[in-house]
Amino acid sequence: LVDVAVVKDKGTGASRGFGYVEMADTSNQEVLLSATHEFGGKAVSIMLTKDSLAGFELHKVHLGRLPLDVTAEAIRETFSRFGVVLDVHLPKDNRTGDRKNFGFVTYGTEEASSAALAARRVDLCGFEIPVSPAVNTKQADSIREVPLNATGVVVTRPLDSPGGIVISRPFESTGTGSDAISNSGNASTKGQKPWG
């Protein structure tokens, strides 16, 4: 253990209910993430900061059709059956601040992400959630992806062209997700075949 910090409200000085712990190394990371913890008689969640994920080989899966009231903790608990969950990301709309109806789970091993992908659909709080591969947007050659619309067309926008929109060719898919972009702008990903 290197450092501990409890985050406090600037106005009142009261704890905001979370804090940070810095460990000397990552040797106990999996144990910390998979164990149950209590602090002051209350159950607490252990998560990694985004900075601590840098440098690791990460394996991310995309979750589609998420109910807006499902918590990150419920997702973490459900998807932990495939392996240790390093991160749960629930994107928000930049304009409205509302949560989007999809998310991502990050694993530290390919075995865990492969097991989640093999399930194809997972029961989460009574909802059947499609699981698909996530695309690393840095590998998408500066193209911003938008989730599929109802017709199975991926709509993308080049990052350097705020007004320009590229509509990729439709593809065969069993679910909805924003996981189908190649450098050419055509839809393609493992297990999905471009039309034409």
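Rules of the game
Residues numbered from 1 in each chain as written. Predicted model: local features only at pLDDT ≥ 70, side-chain atom pairs only at ≥ 80, totals over all residues. Heavy atoms only, no water. pLDDT = per-residue confidence, 0-100. Contact = heavy atoms within 4.5 Å. Helix = DSSP H or I, 4+ residues; strand = E, 2+ residues; numbered from the N terminus. Buried < 20%, exposed > 50% of the residue type's maximum accessible area, 1.4 Å probe, protein only. Lys, Arg positive; Asp, Glu negative; His and termini not counted. Salt bridge = Lys/Arg side-chain N within 4 Å of Asp/Glu carboxyl O. Polar contact = N/O pair within 3.5 Å; in protein donor to acceptor, adjacent residues only side chain to side chain. Pairing = 2+ DSSP bridges. Axes fitted to C-alpha atoms, helices over the stretch in contact; angles between N-to-C directions. Patch = residues over 30% accessible without salt bridge, like charges linked within 9 Å, V, L, I, M, F, W, Y side chains within 5 Å. Areas by Shrake-Rupley, 256 points an atom, 1.4 Å probe, with all protein chains shown as cover. Core = buried A, V, L, I, M, F, W, Y, C linked by side-chain atoms within 4.5 Å.

Enquirer: Got a minute to help me understand the confidence of the model for the protein chain in this structure?
Expert: Caution is warranted with low-pLDDT regions, since their predicted coordinates should not be read in detail. When pLDDT is averaged across the protein chain, the result is 74; 68% of the residues are at 70 or more. Across residues 139-196, where pLDDT falls below 50, the model places 108 contacts with residues more than four positions away in sequence or in other chains.

Enquirer: Any chance you could explain the side chain of Arg99 here in plain terms?
Expert: Within the fold, Arg99 resides in the loop between strand 6 (85-89) and strand 7 (103-107). One buried charge, Arg99, has no salt-bridge partner; the nearest side chain with opposite charge is Asp69, at 6.4 Å. Among the polar contacts listed, one links the side chain of Arg99 to the backbone oxygen of Leu68, at a separation of 3.3 Å. A polar contact of 2.7 Å, which involves the side chain of Arg99, links it to the backbone oxygen of Val70. The contact partners of Arg99, leaving out residues within four places of it in the chain, are Leu66, Pro67, Leu68, Val70, Leu90, Pro91 and Lys92.

Enquirer: I'm lost on the pattern of salt bridges in this one. Help?
Expert: Close approach of charged atoms allows side chains of opposite charge to pair. Under the criterion given, the structure shown has two salt bridges. With a closest N to O distance of 3.7 Å, Arg95 and Asp93 form a salt bridge. A relative accessible area of 76% means that Arg95 is categorised as exposed.

Enquirer: How do you make sense of the sheet that holds strand 5 (residues 59-63) when you look at a structure like this?
Expert: Sheet architecture is open: five strands sit in the order 6-7-5-9-8, paired in antiparallel fashion. Unpaired on one side and paired on the other, strand 6 and strand 8 (121-124) mark the two borders of the sheet. Ignoring strand direction, the axes of neighbouring strands in this sheet form an average angle of 30°. As judged from the three bridges shared by strand 5 and strand 9 (residues 127-133), these two strands associate in the antiparallel manner. Paired with Leu63 across the two strands is Val131, which belongs to strand 9. On top of the sheet, helix 3 (residues 72-79) reaches strand 5, strand 6, strand 7, strand 8 and strand 9; it is set at about 140° to strand 6, its chief contact.

Enquirer: Looking at this structure, how should I read a nonpolar patch on the surface?
Expert: Nonpolar side chains collect at one region of the surface, where Leu1, Val4, Val21, Met23, Leu32, Phe39, Val44 and Ile46 lie side by side and expose about 740 Å² of accessible area between them. The residue Phe39 is located in strand 3 (residues 37-39) in this model.

Enquirer: Which parts of the structure should I look at to understand the nonpolar core?
Expert: Side chains that are nonpolar tend, in soluble globular proteins, to be buried together. The biggest cluster of nonpolar side chains holds 19 residues, and the ones touching the most others in it are Leu63, Ile75, Phe79, Val105 and Tyr107. Residue assignment for this core shows that the elements contributing at least two residues are strand 5, helix 3, strand 6, strand 7, helix 4 (110-119), strand 8 and strand 9. Apart from residues lying up to four places away in sequence, Phe79 is in contact with Leu63, Val85, Val105, Tyr107, Val122 and Val131.

Enquirer: Help me understand unusual backbone geometry, please; the structure alone is not making it clear to me.
Expert: Although it is not a glycine, Arg65 adopts a positive phi angle of roughly 50°. Secondary-structure assignment places Arg65 in the loop between strand 5 and helix 3. Its relative accessible area of 42% is what places Arg65 among the partly exposed residues. A positive phi angle is found at Arg120, which is not glycine, with a value near 65°. Mapping Arg120 onto the fold places it in the loop between helix 4 and strand 8.

Enquirer: Just to check I follow, could you spell out the pairing of strand 6 for this structure?
Expert: Looking along a regular strand, one sees side chains alternate from face to face of the sheet. Along strand 6, four of the five residues are buried, which leaves the element largely enclosed by surrounding structure. Relative to strand 7, strand 6 is paired through four bridges, and the arrangement is antiparallel. Opposite His89, over in strand 7, you have Phe104 as the bridge partner.

Enquirer: Is there a simple way to explain the environment of Thr49 in this structure?
Expert: Within the secondary structure, Thr49 is located in the loop between strand 4 (42-44) and helix 2 (50-53). By relative accessible area, Thr49 is classed as partly exposed at 34%. Residues Thr49 and Leu86 lie 37 residues apart in sequence; the distance between their C-alpha atoms is 9.2 Å.

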